[in-house]
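The lines below spell out each chain.
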Amino acid sequence: MNIRCPKCRKIFEASAQQKSFVNQSIGKNMNLIFIECPFCYVNVPINPKDLLLTKSPEAKDKTSIDCPICEEGVVCYVENEVDGSFYGCGECGNIWSNKENLEKDIEKAKKG
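Residues numbered from 1 in each chain as written. Predicted model: local features only at pLDDT ≥ 70, side-chain atom pairs only at ≥ 80, totals over all residues. Heavy atoms only, no water.

Quick word on the overall build of the protein chain
Then step 1. In terms of regular secondary structure, the protein chain is built from two helices and eight strands.
Then step 2. Scanning the protein chain from its N terminus toward the C terminus, one meets helices and strands in the order β-β-α-β-β-β-β-β-β-α.
Then step 3. The proportion of buried residues among the 112 residues of the protein chain is 26%.
Then step 4. Contacts in the protein chain between residues at least 24 apart in sequence constitute 35% of all its contacts with a sequence separation of at least 6.
Then step 5. For the protein chain, the accessible surface area stands at approximately 7600 Å², while carbon and sulfur atoms represent 48% of it. (Helix = DSSP H or I, 4+ residues; strand = E, 2+ residues; numbered from the N terminus. Buried < 20%, exposed > 50% of the residue type's maximum accessible area, 1.4 Å probe, protein only. Contact = heavy atoms within 4.5 Å. Areas by Shrake-Rupley, 256 points an atom, 1.4 Å probe, with all protein chains shown as cover.)

Below you can see the structure in the form of structure tokens.
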């Protein structure tokens, strides 16, 4: 099972423990888990369901969004039927209820 780190963009083979964790997460219908990248040693957010795709989400010309708050994390879209979907950073825990709010914070961060 190959995983692309959204932080350093390198592809790595999941360890046996990571594969087990991913399979359990898929069985529990989870949309977001954290896996440690062996290259950059960061726990990165992964949607385990994306690992079932024959092509990665990046193949759709989708780029990751660096967190405008902590600048260390990656912002992911989290689908949540119970509380409503949102955008969130797995590193600092910041969330945005919609893309417009996220884009406002990105613009603020660019202005410094």
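Moving on from the coordinates now.
Points about the environment of Asn98
Then step 1. As for its placement among the helices and strands, Asn98 is situated in the loop between β8 (95–96) and α2 (99–111).
Then step 2. For Asn98, a relative accessible area of 28% puts it in the partly exposed group.

Overview of α2
Then step 1. Relative to the 18 Å expected for 13 residues at 1.5 Å per residue, α2 spans 19 Å between its end C-alpha atoms, a close match to the ideal helical length.
Then step 2. Of the residues flanking the start of α2, the one acting as N-cap is Asn98, its side-chain oxygen 3.2 Å from the backbone nitrogen of Glu100.
Then step 3. Positioned one or two residues after α2, Gly112 has a phi angle of 85°, which is positive. (Expected span 1.5 Å × (residues − 1). Polar contact = N/O pair within 3.5 Å; in protein donor to acceptor, adjacent residues only side chain to side chain.)

Thoughts on helix α1 (residues 16–27)
Counting along an α-helix, one turn takes 3.6 residues, and residues three or four places apart therefore face a common direction.
Then step 1. Over its 12 residues, α1 runs 17 Å from end to end, which matches the ideal 16 Å to within 8%, given 1.5 Å per residue.
Then step 2. Listed in full, the buried residues belonging to α1 are Gln18, Val22 and Ser25. The arc that holds the buried residues of α1, viewed along the axis, is 65°, so those residues lie on one side. Along α1, exposed side chains directed more than 90 degrees from the buried face belong to Ala16, Gln17 and Gly27.
Then step 3. Buried residues in α1 make contact with β2 (11–13) and β3 (33–36).
Then step 4. Positive backbone phi, approximately 60°, marks Asn29, located one or two places after α1. (Arc of directions from axis to C-beta.)

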